Amino acid sequence: MEIKITKTQNPTELAEEGTLGFGKHFTDHMFIMDYEAGKGWHNARIVPFGYISLHPASTVLHYGAEIFEGLKAYRLADGSIQLFRPMENIRRMNDSADRMCLPKIDEQDFLQALCEFVKLEERFVPHSFGTSLYLRPYMFGNDETLGVHTVKRATFMIIGSPSGSYYAEGINPVKIMIENEDVRAVKGGTGAVKCGGNYAASNRAGEKASRVGYSQVLWLDGVHRKYIEEVGAMNVMFKIDGEIVTPMLTGSILPGITRKSCIEVLKSFGYKVNERLLSVDELIEALENGKLEEAWGTGTAAVVSPIGRFSYAGKEYDVNGGKIGEVTRKLYDTLTGIQWGKVEDTFNWTYKL
Ligand code: PLP
Ligand code: COI
């Protein structure tokens, strides 16, 4: 694929690495490619970062035809840069496209776009451990009509955001509220793909949680409001009485790439990981009788985030005295070690630029 590059005339100053936060700063450029039925993807270009204009009837503005991905470019101690399992994100984006009737992208073209973009924005990949260039590929339907149908036009973009920790808490445990009113997804819906609407619909519960000092909500299944599913931006794992448990992929949970990687890392430590249904009653019982030893979330932005407190139906429960647990710590060290090139990548997950 040919990518036309137009460089900015106004390079921005790099933000201070210690104050990056998540998703607040952006690089100098963005990747854009257009799709039209009959013509396919065309006009791949990298242009100066800036506003885009859309027709007021553009499909995405009315009917939410939007999907996205999230992955990171990591700086190693020798100055080189690597991605983590980029093909997994590429394939998941195409699965999301399939579900939302948006056009798929050739895997190699997608990978090339990511690599060329990161190479051009190389100076924005921060150097401190725990920081990275967060990459956000996304696609939206862009027909200029109010009819509800599969789109004939779409736009694919990649933007980059030099970022630190997703949660203000960093590696310190976060507080998670178990939501028992709103639901995020049902089987047959869009919970298993990354479409913007999933997040828009989850904000009301998120607001409720944040009003009482909680970072995010833990969703229960949409049919019975009984089984644990996932947190707003991460999958969840628990250590209950020595057993590592994570909700099985029932069709309404996002199949996280970090989740999948953590399962493999835990297996390499010798743990058995049980992907099964886990009811909120079982979780509360384990919290009440002290059998919930550890809980953590997994996600690209969130990495491995210890959970130090849950709230459910007006009651609060501490996990491991509100401190990070042993397995969570070991998992965090190993995964981040592989991502930032400090631990040998025996799984062959990293992709050098
Ligand atoms: N679940 C949801 C709803 C998410 O938004 C994310 C973040 O991408 C995850 C789980 C974790 O997925 P991954 O590990 O692929 O980033
Ligand atoms: C990611 O971890 O990449 C995500 O997409 C989470 C996001 C909603 C902040």
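Residues numbered from 1 in each chain as written. Chains lettered and ligands numbered in written order. Predicted model: local features only at pLDDT ≥ 70, side-chain atom pairs only at ≥ 80, totals over all residues. Heavy atoms only, no water.

Undergrad: Help me out: how do you make sense of the packing of aromatic side chains in this one?
TA: Describing an aromatic ring pair means giving the distance of the ring centres and the angle of the ring planes. Inspection of the entire model under this criterion finds 14 aromatic pairs. Aromatic side chains Phe-238 and Phe-310 sit 6.2 Å apart centroid to centroid with 40° between the ring planes, which places their arrangement in the tilted category. Within this pair, whereas Phe-238 is found in strand β12 (residues 235–240), its partner Phe-310 is found in strand β16 (residues 303–312), the two being separated by 72 residues in sequence. Accessibility classification places Phe-238 together with Phe-310 in one group, the buried group. Joined through ring pairs, the aromatic side chains of Phe-31, Tyr-35, Trp-41, Phe-110 and Phe-156 make up one cluster. The positively charged end of Lys-175 is found above the aromatic ring belonging to Tyr-214, 5.1 Å away from the centroid. Above the face of the Phe-269 ring, Lys-330 is positioned so that its terminal group lies 4.2 Å from the ring centre. (Phe/Tyr/Trp six-rings, centres within 6.5 Å; stacked < 30°, edge-to-face > 60°. Helix = DSSP H or I, 4+ residues; strand = E, 2+ residues; numbered from the N terminus. Buried < 20%, exposed > 50% of the residue type's maximum accessible area, 1.4 Å probe, protein only. Lys NZ or Arg CZ within 6 Å of the ring centre and 35° of its normal.)

Undergrad: How should I be thinking about the pairing of strand β2 (residues 29–36) in this particular structure?
TA: Taken across its eight residues, β2 has seven buried, putting it largely inside the fold. Where β2 and strand β3 (residues 40–48) come together, seven bridges link them in antiparallel fashion. Directly across from Met-30, in β3, lies its bridge partner Val-47. Where β2 hands over to β3, the hairpin turn is made up of three residues, of which Gly-38 adopts a positive phi near 90°. (Pairing = 2+ DSSP bridges.)

Undergrad: For this particular structure, what's the right way to read the site of ligand 2?
TA: Taken together, the residues surrounding ligand 2 are Phe-22, Phe-68, Gly-70, Tyr-134, Arg-136, Tyr-166, Lys-194, Tyr-199, Ala-233, Thr-300 and Ala-301. Within the side chain of Tyr-134, an N or O atom sits 2.6 Å from an oxygen atom of ligand 2. Between ligand 2 and the protein, one listed contact pairs an oxygen atom with a side-chain N or O atom of Lys-194 at 2.7 Å. When atom positions are compared with the pocket grids, ligand 2 is found to occupy the largest pocket. (Near = heavy atom within 4 Å. Polar contact = N/O pair within 3.5 Å; in protein donor to acceptor, adjacent residues only side chain to side chain. 1 Å grid on protein atoms, 1.4 Å probe; cavity = no way out; pocket = protein on both sides within 12 Å on 5 of 7 lines; lining within 4 Å. Sits in = over half its atoms within 2 Å of the grid points.)

Undergrad: How should I be thinking about the site of ligand 1 in this particular structure?
TA: Neighbouring residues of ligand 1: 17 residues in total, closest Lys-194, Tyr-199, Glu-230, Thr-258 and Thr-300. In this structure, Arg-92 approaches ligand 1 through a side-chain N or O atom, which is 2.8 Å from an oxygen atom. Interatomic distance of 2.6 Å between a side-chain N/O atom of Lys-194 and an oxygen atom of ligand 1. Out of a free accessible area of 390 Å², ligand 1 has 96% covered by protein chains. Because more than half of its atoms lie within 2 Å of the grid, ligand 1 is assigned to the largest pocket. (Areas by Shrake-Rupley, 256 points an atom, 1.4 Å probe, with all protein chains shown as cover.)

Undergrad: Explain the domain arrangement of the protein chain to me, please; I cannot follow it from the model alone.
TA: Quoted interface sizes are often the accessible area lost when the parts come together. When its domains are assigned, the protein chain resolves into domain 1 (4–163) and domain 2 (174–339). Just the C-alpha atoms count here: the centres of domain 1 and domain 2 sit 27 Å apart. Domain 1 puts 22 residues into the contact, and the matching count from domain 2 is 23 residues. Carbon and sulfur atoms make up 58% of the surface buried where domain 1 meets domain 2, a total of about 1900 Å² over both sides. Its largest share of buried area at the contact with domain 2, domain 1 owes to Phe-68, Phe-84 and Arg-92, together 31% of the area lost on that side. For the interface between domain 1 and domain 2, the tally reads two salt bridges. Linking domain 1 with domain 2 are 12 residue pairs in polar contact (both at pLDDT 80 or more). Looking at the side of domain 1 that touches domain 2, the elements that each hand over two or more residues are β4 (66–68), β5 (71–75), β6 (81–84) and α2 (86–99). Of the residues forming the side of domain 1 that touches domain 2, the biggest block, six residues, is contributed by α2. (Domains from an automatic or database assignment. Contact = heavy atoms within 4.5 Å. Buried area = accessible area lost by both parts, 1.4 Å probe. Salt bridge = Lys/Arg side-chain N within 4 Å of Asp/Glu carboxyl O.)

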